[in-house]
Amino acid sequence: MSQQAVKFAYWVPNVSGGLVVSKIEQRTDWGIDYNRKLAQLAEAAGFEYGLTQIRFTAGYGADNQHESVAFSHALLAATTRLKVIAAILPGPWQPALAAKQLATIDQLTNGRIAVNIVSGWFKGEFQAIGEHWLEHDERYRRSEEFIRALKGIWTQDDFTFKGDFYRFNNYTLKPKPVGQPEVFQGGSSRAARDMAARVSDWYFTNGNTPQGIKAQVDDIRAKAAANHHSVKVGVNAFIIARDTEAEARAVLAEIIDKADPEAVNAFGDAAKQAGKASPEGEGNWAKSSFEDLVQYNDGFKTNLIGTPQQIAERIVALKAVGVDLVLAGFLHFQEEVEYFGKRVLPLVRELEAKAAIKQVA
């Protein structure tokens with residue numbers, strides 16, 4: 001088990017509809033006032049990162065969406081330690097613009113901006129905004145060039161790059177970032193893991209069991225080592241922490257009972273078609289049930305649902321199979337982030353300390 005403390009990030013609700021495709025009450029708001037307070041609560045609770053979402057079209061309850069980079073900057077302005085990961089989609093963004101945007105924000109916030117490169121899976125979104133749609137592995141090839149370009153621009157003067165998608169000729173960016181912003185990416189396909197093993201700092205995977213996550217971690221770490229690269233792993237989890245397990249399970253049951261079947265099935269159909277387009281015919285959501293898809297990144301599968309003690313033990317079990325970060329979603333963000341910080345996170349740190357002592361012994 002790693003000696004490093006497991007890190008925590010939270011999904012920024014900068015899009016409407018919350019994080020479950022359900023008509024259950026969600027005391028979560030997508031506006032800036034709610035999100036500023038949430039960022040401050042998360043920072044105080046011990047979260048190190050917030051992850052903004054990028055959407056261009058409505059879907060599965062997300063009728064309204066704030067743009068990710070601008071929203072990230074607003075949250076950074078309201079906090080002092082929290083890092084915010086801005087989601088960026090190659091195609092609509094070009095690497096020169098992204099590199100300059102993020103370098104400026106990094107300067108203004110003393111190194112607290114990071115980026116999540118989203119390769120894209122929803123063809124309808126690209127068509128709606130008039131962007132050229134690439135086939136599955138080509139999208140990851142483009143994203144890899146995008147990341148190589150970002151890192152080159154941020155670290156080199158007279159940067160020159162001759163790729164299939166992007167080209168630079170003796171380009172120098174000034175000022176450069178305070179430090180090199182961390183680069184995150186997601187995906188569960190072979191192409192996604194291979195890309196992370198070559199260029200990304202962090203790899204996000206959908207929710208899964210410890211056994212399923214271990215298989216991905218082992219694969220990506222072996223590939224990264226062969227490339228003389230290292231990559232950290234974050235896992236998505238929808239957290240339902242309550243004083244009793246019965247209360248937590250009742251909340252999960254209500255979420256699923258009040259799911260919007262039309263929206264869930266529409267999302268599931270589009271997501272699984274995208275996965276089938278990969279050469280191996282399997283990507284994110286390939287094995288997701290209706291219940292899994294109610295939380296659209298398989299967050300229920302991670303099973304961080306129960307009492308603070310149960311959740312803390314499961315987080316440490318995830319760490320034992322190679323998870324470096326838990327990306328958390330909640331039903332009622334403000335109050336549940338605060339509860340997590342007070343009731344769950346201290347137990348995680350206690351269990352980590354006990355495990356470290358055992359390792360030394």
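Residues numbered from 1 in each chain as written. Predicted model: local features only at pLDDT ≥ 70, side-chain atom pairs only at ≥ 80, totals over all residues. Heavy atoms only, no water.

1. Quick word on the environment of Asp 63
Part 1: In this fold, Asp 63 is placed in the loop between β2 (49–51) and α2 (68–77).
Part 2: Taking the C-alpha atoms as reference, Asp 63 lies 24 Å from Gln 185; in sequence the two are 122 residues apart.
Part 3: Discounting chain neighbours no more than four positions away, the residues touching Asp 63 are Ser 16 and Ala 58. (Helix = DSSP H or I, 4+ residues; strand = E, 2+ residues; numbered from the N terminus. Contact = heavy atoms within 4.5 Å.)

2. Digging into the packing of aromatic side chains
Part 1: The full count for this structure, using the stated rule, is 19 aromatic pairs.
Part 2: A centroid spacing of 5.8 Å and a plane angle of 80 degrees characterise the contact between Phe 146 and Tyr 166, whose relative ring orientation is edge-to-face. Linking Phe 146 in helix α5 (residues 136–155) with Tyr 166 in the loop between β5 (159–162) and β6 (167–171), this pair joins segments that are 20 residues apart in sequence. For the pair Phe 146 and Tyr 166, a shared accessibility class is recorded, and that class is buried. (Phe/Tyr/Trp six-rings, centres within 6.5 Å; stacked < 30°, edge-to-face > 60°. Buried < 20%, exposed > 50% of the residue type's maximum accessible area, 1.4 Å probe, protein only.)

3. A word on the packing of α2 against helix α3 (residues 95–108)
Part 1: Interhelical geometry of α2 versus α3 gives an angle of 5 degrees and a closest axis separation of 11 Å. One way to sum up the angle between α2 and α3 is to call them roughly parallel. For the pair formed by α2 and α3, the contact residues are Val 69, His 73 and Leu 76 on the first element and Gln 101, Ile 105 and Leu 108 on the second.
Part 2: Within the contact of α2 with α3, the residues separate by chemical class into four nonpolar, two polar and no charged. (Axes fitted to C-alpha atoms, helices over the stretch in contact; angles between N-to-C directions. Parallel < 35°, antiparallel > 145°, perpendicular 65-115°, else oblique. Nonpolar A, V, L, I, M, F, W, Y, C, P; charged D, E, K, R; others polar.)

4. Side note on the sheet that holds strand β12 (residues 325–329)
Part 1: Strand order in this closed barrel of eight strands is β1-β2-β3-β4-β7-β8-β9-β12, and the pairing throughout is parallel. Across this sheet, the average inter-strand angle for adjacent strands is 30 degrees, counted without regard to direction.
Part 2: Bridge analysis of strand β4 (residues 113–117) against strand β7 (residues 183–185) gives three bridges, and the strand direction is parallel. Bridged to Asn 116 within β7 is Phe 184. (Pairing = 2+ DSSP bridges.)

5. As for the nonpolar core
Part 1: Among the nonpolar cores identified, the biggest contains 110 residues, and Tyr 10, Phe 47, Ile 255 and Ile 315 are the most heavily contacted of them.
Part 2: In contact with Phe 47, not counting residues within four places along its chain, are Phe 8, Ala 9, Tyr 10, Ala 42, Leu 82, Ala 328, Phe 330, Val 337 and Phe 340. (Core = buried A, V, L, I, M, F, W, Y, C linked by side-chain atoms within 4.5 Å.)

6. Quick notes on the pattern of salt bridges
Part 1: Taken as a whole and assessed by the stated rule, the structure comprises 26 salt bridges.
Part 2: One salt bridge connects Glu 182 with Lys 83, and the closest N-O pair in it is separated by 3.6 Å. Taken as a pair, Glu 182 in the loop between β6 and β7 and Lys 83 in strand β3 (residues 83–88) lie far apart in primary sequence, 99 residues in all.
Part 3: Overall, Lys 83 belongs to the partly exposed group, its relative accessible area being 29%.
Part 4: Two residues, Arg 242 and Glu 336, come together in a salt bridge whose shortest N-O distance is 3.2 Å. Of this pair, Arg 242 sits in the loop between β10 (240–241) and α8 (245–257) while Glu 336 is found in helix α12 (residues 333–360), placing the two residues 94 residues apart along the sequence.
Part 5: One network of salt bridges, with partners in common, ties together Asp 137, Arg 190, Arg 193, Asp 194, Asp 219 and Lys 223. (Salt bridge = Lys/Arg side-chain N within 4 Å of Asp/Glu carboxyl O.)

7. Here we look at the side chain of Ser 143
Part 1: Within the fold, Ser 143 resides in helix α5.
Part 2: Not counting chain neighbours up to four residues away, the residues in contact with Ser 143 comprise Pro 90, Ile 117, Ser 119 and Met 195.

8. Digging into the environment of Ala 62
Part 1: Here Ala 62 lies in the loop between β2 and α2.
Part 2: Ignoring anything within four residues of it in the chain, the contact list for Ala 62 reads Val 15, Ser 16, Arg 55 and Thr 57.

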